[in-house]
Amino acid sequence: SVDCNGNATLDSCEISNQPLNQWASSVIAFSSQYSAGSWSAARALGEPDTFEYGDSASSWAPGPANGTLEFLVLAFETPVYATGVIVRETWGNGFVYQIDVLDTADALHVVWTGTDSSLPGTAVDFQLGWAATPFLVKGVKIYVDTNHNTGTWEEIDAVRLLGNVFRGADCNVNTILDECEL
């Protein structure tokens, strides 16, 4: 957009359509956690703080090391029309087998199932993308297979939701006169 003098500007629609990529801000639920402090579900909140591959008390680990299917449900401060997620895996990589998003009416929607191709040996940002959801998303549910790597725990350091606050048609297609046209 340009203002009345020809200077480049962003209109309110373009501003609200900017991506909002945010780290998880609270825990909604979990199937298990190794402990209430170290390796707890709360360790998956905020920006990454585990930078080396390996067992780290600053990442979430499910209670059992092997033999179960586990999950972690995290909330985000601002609901968005979700376009993807980043799961920071820091040990036992390749264990995610499903991602659901949680809408503002508390309904879960499957957005991905498959094989997590993350390889062990280094901390990995496992990133998935999809077309923008037609509903606002306030949370993400991550499903973890603890049998994926039987020699280690499966650990998540952080989760980032990708999306936009605004979703809709071209903002500039309207019949309302703006300040330059008046």
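None of these values were measured; they are calculated from a predicted model.

Definitions and limits used
All chains use their own residue numbering, which begins from 1 and follows the written sequence. Only residues with pLDDT of at least 70 are given local features in this predicted model, and only at 80 or more are side-chain atom pairs given and counted; all residues enter the totals for whole chains, interfaces and linings. Hydrogens are left out, water is left out, and the side-chain values use all remaining heavy atoms of the structure. Numbering of helices and strands runs from the N terminus, with a helix taken as a DSSP run of H or I at least four residues long and a strand as a DSSP run of E at least two residues long. Surface accessibility in these figures is a Shrake-Rupley result with a 1.4 Å probe; residues are shielded only by whichever protein chains are displayed. What makes a salt bridge here is a side-chain nitrogen of Lys or Arg within 4 Å of a carboxyl oxygen of Asp or Glu, nothing more. Each residue's exposure class comes from its accessible area (1.4 Å probe, protein chains only) as a fraction of the maximum for that residue type: buried when under 20%, exposed when over 50%, partly exposed otherwise. Pairing between strands is defined by DSSP: at least two bridges between them are needed. By definition in these notes, contact holds between two residues if any of their heavy atoms fall within 4.5 Å. Aromatic rings from Phe, Tyr and Trp, taking only the six-membered ring of Trp, are treated as a pair when their centres fall within 6.5 Å; an angle between ring planes under 30 degrees marks them as stacked, one over 60 as edge-to-face, and anything in between as tilted. Whether a charge lies above a ring is judged from NZ of Lys or CZ of Arg, which has to be within 6 Å of the ring centre and within 35 degrees of the ring normal. Counting rule for charge: Lys and Arg are taken as positive, Asp and Glu as negative, and neither His nor the chain ends is counted.

## Brief notes about the overall build of the protein chain
Logical step 1: Within the protein chain, the secondary structure is distributed over one helix and eight strands.
Logical step 2: The order of α-helices and β-strands along the protein chain, N terminus first, is α-β-β-β-β-β-β-β-β.
Logical step 3: Only carbon and sulfur atoms are counted for the fraction: they give 52% of the accessible area of the protein chain, which is about 9000 Å².

## Structural notes on the pattern of salt bridges
Logical step 1: Going through the model one piece at a time under the given rule, you end up with three salt bridges.
Logical step 2: For Lys-138, the salt bridge identified is with Asp-106, shortest N-O distance 2.5 Å. Of this pair, Lys-138 sits in strand β7 (residues 137-145) while Asp-106 sits in the loop between β4 (96-103) and β5 (108-113), and the two are 32 residues apart along the sequence.
Logical step 3: A relative accessible area of 24% means that Lys-138 is categorised as partly exposed.
Logical step 4: By relative accessible area, which is 53% here, Asp-106 ends up exposed.
Logical step 5: Put simply, Arg-88, Asp-125 and Asp-157 are held in one network by salt bridges that share partners.

## Focus: the pairing of β7
Logical step 1: Where burial is concerned, most of β7 is hidden: seven out of the nine residues are buried.
Logical step 2: Sheet topology places strand β3 (residues 69-91) next to β7; eight bridges connect them, and they run antiparallel. Across the sheet, the residue bridging to Ala-75 is Gly-139, located in β7.
Logical step 3: Two elements, β4 and β7, share seven bridges in a ladder whose sense is antiparallel.

## What to know about unusual backbone geometry
Logical step 1: A positive phi angle, close to 65°, is found at Trp-39, a residue other than glycine.
Logical step 2: If you trace the backbone, Trp-39 turns up in the loop between β2 (26-30) and β3.
Logical step 3: Positive phi is not limited to glycine here, since Asp-106 has a value of about 70°.

## Quick word on the environment of Tyr-34
Logical step 1: Mapped onto the elements of the fold, Tyr-34 is located in the loop between β2 and β3.
Logical step 2: When near neighbours in sequence (up to four residues on either side) are disregarded, Tyr-34 contacts Trp-39, Ala-61, Pro-62, Gly-63 and Trp-153.

## Comments concerning the packing of aromatic side chains
Logical step 1: The tally for this structure, following the rule as stated, stands at four aromatic pairs.
Logical step 2: Ring geometry for Tyr-34 against Trp-39: centres 5.1 Å apart, planes inclined by 80°, an arrangement best described as edge-to-face.
Logical step 3: Grouping aromatic residues by their ring pairs yields a cluster made of Tyr-34, Trp-39 and Trp-153.
Logical step 4: For the cation-ring pair, Lys-141 lies above Phe-71, with the distance from its terminal atom to the ring centre recorded as 4.3 Å.

## Structural notes on the side chain of Glu-89
Logical step 1: One can find Glu-89 in strand β3.
Logical step 2: Buried charge without a salt bridge: Glu-89, with Arg-88 as the nearest opposite-charge side chain at an N-O distance of 9.9 Å.
Logical step 3: What Glu-89 contacts, discounting residues up to four positions off in sequence, is Gly-94, Phe-95, Val-96, Asp-116, Ser-118, Thr-122, Ala-123, Val-124, Phe-126 and Glu-155.

## Describing the environment of Ser-26
Logical step 1: Take Ser-26: it is sitting in strand β2.
Logical step 2: Exposure remark for Ser-26: the relative accessible area of 30% places this residue in the partly exposed category.
Logical step 3: On a C-alpha basis, the gap between Ser-26 and Glu-77 in space is 8.2 Å, while along the polypeptide they are 51 residues apart.
Logical step 4: Each residue touching Ser-26, except ones within four places of it in the same chain, is listed here: Leu-45, Leu-74 and Ala-75.

What is shown is where atoms sit, not what they do.
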